[in-house]
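Listed below, chain by chain, are the residues.
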Amino acid sequence: MTAESLDGPIDEPLGTRQRRFHPAWTVALVALIALIGAAGFRAAPGVLMVPLEEEFGWSTAELSLAVSINLLLYGLIAPFAAALMQRFGIRAVTVVALFVIGAGAALSVFVATPGQLILTWGVLIGLGTGSMALVFAATITDTWFATRRGLVSGVLTAGSATGQLIFLPVIAAAAEDVGWRGASLIIAGGALAVVPLVWIFLRNRPSDLGVARYGETAPVVAQAPVPRGTAWGAAKLALSTLREAARTRTFWALAIGFAICGATTNGLIGTHFIPSAHDHGMATTTAAGLLAVVGIFDIVGTVFSGWLTDRVNPRILLAAYYALRGVSLLFLPSLLSAEVQPSIIVFIVIYGLDWVATVPPTIALCREVFGDKGPLVFGWVFAAHQIGAGIASVLAGIVRDHTGQYTFAWFAAAGLCAVAALVSATIRRHRAPASVRE
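Residues numbered from 1 in each chain as written. Predicted model: local features only at pLDDT ≥ 70, side-chain atom pairs only at ≥ 80, totals over all residues. Heavy atoms only, no water.

Visitor: Honestly, the overall build of the chain in this entry has me stumped. Any pointers?
Guide: What the chain contains, in helices and strands, is 20 helices and zero strands. The 438 residues of the chain split such that 57% are buried. Long-range contacts, defined as pairs at least 24 residues apart, comprise 84% of the intrachain contacts of the chain with a sequence gap of at least 6. Carbon and sulfur atoms provide 68% of the accessible area of the chain, an area that totals close to 16600 Å². (Helix = DSSP H or I, 4+ residues; strand = E, 2+ residues; numbered from the N terminus. Buried < 20%, exposed > 50% of the residue type's maximum accessible area, 1.4 Å probe, protein only. Contact = heavy atoms within 4.5 Å. Areas by Shrake-Rupley, 256 points an atom, 1.4 Å probe, with all protein chains shown as cover.)

Have a look at this one:
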């Protein structure tokens, strides 16, 4: 079946074709599956930290360092991955990233020292998942959709939560039944299984199929092939975009807010919730199940946030999301116990709805202010997200080692959320200088 049979003749007005199935939705579905496949190892550290500590006797701080490097690379590689996608195409970069994730997960079964764990968990998995980070969702959204962008970015962002939902209980059960090495191999298999699907169905841009973006009213115009360039050229593009974006106050406001977002999600809850619950006597599988529930409500919250982003001022949404998160963190230390109480379920639901609900409005603001370079700018904003996550992961581990509990870490995170809410509420409406948008 050709693009013409799906969407009508190429010279037919897009409004006629859009009433039929548009290939943008196929691309979005494949991207969603790829994000799910890449999500496994991002969920794994919280489950596998306790088995590794028990087998090797490594401290929480040592394990947190490997996770921190993973989180940092996960964010820092994102803007360069976005530039590489522009130079070499979305499909090629995605396939390579999935192979790197699979290799890192498989090689982790041979680790015997903290340094080896840093190489596999930290470097390889960080590079691979960073190339499949939320900037991938932003690139797919901007490349293939002219309308419904908030909704699509929300659905794709929820892919990470879906991966967590799928993999967390499996990883926790496998870690108990066949050990943490078997769990790592399951993750490797999940990432590699997605590769054929991406290679066959993912397309780099609408012109590859002779169509315009979904919702675009202009007739389809044939586009010249994207210049291949070099990896160095992609790196220069990413760095020049950062230099231009950094001249605006909006970029720094988004970066500060998103750094706090990363600190209070991946850095703290994602990495330390299970060990903290274990400190209170809760079984690891039970705590992993609670995080899986976070994944369920994250899907609902993120998709709904995407829908709201198409209708509500994204600045207001960001301020509300951060404020709600801060209030919930204030109560967490008093909610943890050996048994699952109704109060912790309420926390899980609220935190799940809020987990990455911040992503669609942040992507929308990057697009509004920075135009066509919005995905690249979002890559740098997301890098700040992971810097915050990495710092929080290490500091929370140090707090746990020195005080025997995580209470101070939860309270500090609540205070940071108040800062993020204030900063987000003061973002001004304006366009960036032409040099950034051109």
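Still more to cover.
Visitor: Looking at this structure, I do not really get helix α8 (residues 134-144). What am I missing?
Guide: In an α-helix, one turn spans 3.6 residues, which is why side chains three or four residues apart end up on the same side. Extensive coverage of α8 is indicated by the burial of 10 of its 11 residues. Considered for burial, the residues of α8 that qualify are Leu-134, Val-135, Phe-136, Ala-137, Ala-138, Thr-139, Ile-140, Thr-141, Asp-142 and Trp-144.

Visitor: Hey, could you run me through the side chain of His-385 in this one?
Guide: Checked against the element boundaries, His-385 lands in helix α18 (residues 374-403). Under the relative-accessibility criterion, His-385 is labelled buried at 3%.

Visitor: Looking at this structure, how should I read the pattern of salt bridges?
Guide: Once the charged atoms of two side chains with opposite charge are near each other, the side chains can pair. Counted under the stated rule, the structure contains eight salt bridges. Across the pair Asp-279 and Arg-400 runs a salt bridge whose closest N-O atoms are separated by 2.7 Å. With Asp-279 in helix α13 (residues 249-279) and Arg-400 in helix α18, this residue pair connects regions lying 121 residues apart in the sequence. Owing to a relative accessible area of 35%, Asp-279 belongs among the partly exposed residues under this scheme. (Salt bridge = Lys/Arg side-chain N within 4 Å of Asp/Glu carboxyl O.)

Visitor: I'm lost on a negative patch on the surface in this one. Help?
Guide: On the surface, a cluster of negative charge is contributed by Glu-53, Glu-54, Glu-62 and Asp-401. Relative to the elements of secondary structure, Glu-62 occurs in helix α5 (residues 60-88). What makes Glu-62 partly exposed here is its relative accessible area of 37%. (Patch = residues over 30% accessible without salt bridge, like charges linked within 9 Å, V, L, I, M, F, W, Y side chains within 5 Å. Lys, Arg positive; Asp, Glu negative; His and termini not counted. Charge placed at Lys NZ, Arg CZ, Asp CG, Glu CD.)

Visitor: Help me understand helix α15 (residues 314-335) in this model?
Guide: Look at α15: 31 Å from first C-alpha to last across 22 residues, which is about the 32 Å you get at 1.5 Å a residue. For α15, the capping residue at the N-terminal end is Asn-313, with a side-chain oxygen 2.9 Å from the backbone nitrogen of Arg-315. (Expected span 1.5 Å × (residues − 1). Polar contact = N/O pair within 3.5 Å; in protein donor to acceptor, adjacent residues only side chain to side chain.)

Visitor: Looking at this structure, how should I read a nonpolar patch on the surface?
Guide: There is a patch of nonpolar side chains on the surface, built from Leu-76, Ile-387, Ile-391, Leu-395 and Ile-398 and spanning about 400 Å² of accessible area. By secondary structure assignment, the location of Ile-391 is in helix α18. Judged by its relative accessible area of 47%, Ile-391 is partly exposed.

Visitor: I tried to follow the packing of aromatic side chains on my own but got confused; where do I start?
Guide: The geometry of an aromatic ring pair comes down to the distance between the two centres and the angle between the two planes. Summed over the entire model, instances satisfying the criterion amount to 13 aromatic pairs. Centroid distance Trp-25 to Phe-145: 4.9 Å. Interplanar angle 65°. Geometry classified as edge-to-face. Of this pair, Trp-25 sits in helix α3 (residues 23-38) while Phe-145 sits in the loop between α8 and α9 (149-177), and the two are 120 residues apart along the sequence. Assessed through its relative accessible area of 29%, Trp-25 is described here as partly exposed. Relative to Tyr-214, the ring of Phe-145 has its centre 5.8 Å away and its plane inclined at 55°; by these criteria the two rings are tilted. On the criterion of sequence distance, the pair formed by Phe-145 in the loop between α8 and α9 and Tyr-214 in the loop between α11 (195-201) and α12 (231-245) is long-range, its members being 69 residues apart. Taking the relative accessible area as the measure of exposure, Phe-145 reaches 0% and is therefore buried. Members of the aromatic cluster, each reached through a chain of ring pairs, are Trp-25, Phe-145 and Tyr-214. When the ring centre of Trp-199 is taken as origin, the NZ or CZ atom of Arg-91, which lies over that ring, is 4.4 Å away. Lying over the aromatic face of Tyr-351, Arg-325 brings its terminal NZ or CZ to 5.9 Å of the ring centre. (Phe/Tyr/Trp six-rings, centres within 6.5 Å; stacked < 30°, edge-to-face > 60°. Lys NZ or Arg CZ within 6 Å of the ring centre and 35° of its normal.)

Visitor: I would appreciate a short explanation of the environment of Ala-188 in the present structure.
Guide: Following the sequence through the fold, Ala-188 ends up in helix α10 (residues 180-193). Given a relative accessible area of 5%, Ala-188 falls into the buried group. Considering only alpha carbons, one finds Ala-188 and Phe-99, 89 residues apart in sequence, at a separation of 8.8 Å.

Visitor: Would you mind showing me how to read unusual backbone geometry here?
Guide: The backbone of Arg-148 shows a phi angle near 60°, a positive value even though the residue is not glycine. Tracing the chain through its elements places Arg-148 in the loop between α8 and α9.

Visitor: Whenever I open this one, the packing of helix α6 (residues 90-107) against α10 confuses me. Can you help?
Guide: Think of two packed helices as two axes; the pair is described by the angle between the axes and how far apart they sit. Interhelical geometry of α6 versus α10 gives an angle of 165° and a closest axis separation of 8 Å. Classified by the angle between their axes, α6 and α10 sit roughly antiparallel to one another. In this structure, the crossing between α6 and α10 has a hand that is left-handed. Residue-level contacts link Leu-98, Phe-99, Ile-101, Gly-102, Ala-105 and Ala-106 of α6 to Ser-184, Leu-185, Ile-187, Ala-188, Ala-191 and Leu-192 of α10. Among the residues making up the contact of α6 with α10, the classes are represented as 10 nonpolar, two polar and no charged. (Axes fitted to C-alpha atoms, helices over the stretch in contact; angles between N-to-C directions. Parallel < 35°, antiparallel > 145°, perpendicular 65-115°, else oblique. Left-handed = near helix turned anticlockwise from the far one by under 90°. Nonpolar A, V, L, I, M, F, W, Y, C, P; charged D, E, K, R; others polar.)

Visitor: What am I meant to see in the packing of α6 against helix α7 (residues 114-131) here?
Guide: At a closest axis distance of 8 Å, the pairing of α6 and α7 adopts a crossing angle of 160°. Compared by their axis directions, α6 and α7 come out roughly antiparallel. Along this stretch, α6 crosses α7, giving a crossing that reads as left-handed. Taken together, the residues of α7 that come into contact with α6 (itself represented by Val-93, Ala-97, Val-100, Ile-101, Gly-104, Ala-105 and Leu-107) are Thr-120, Leu-124, Ile-125, Gly-128, Thr-129 and Ser-131. The class makeup of the residues in the contact of α6 with α7 is eight nonpolar, five polar and no charged.

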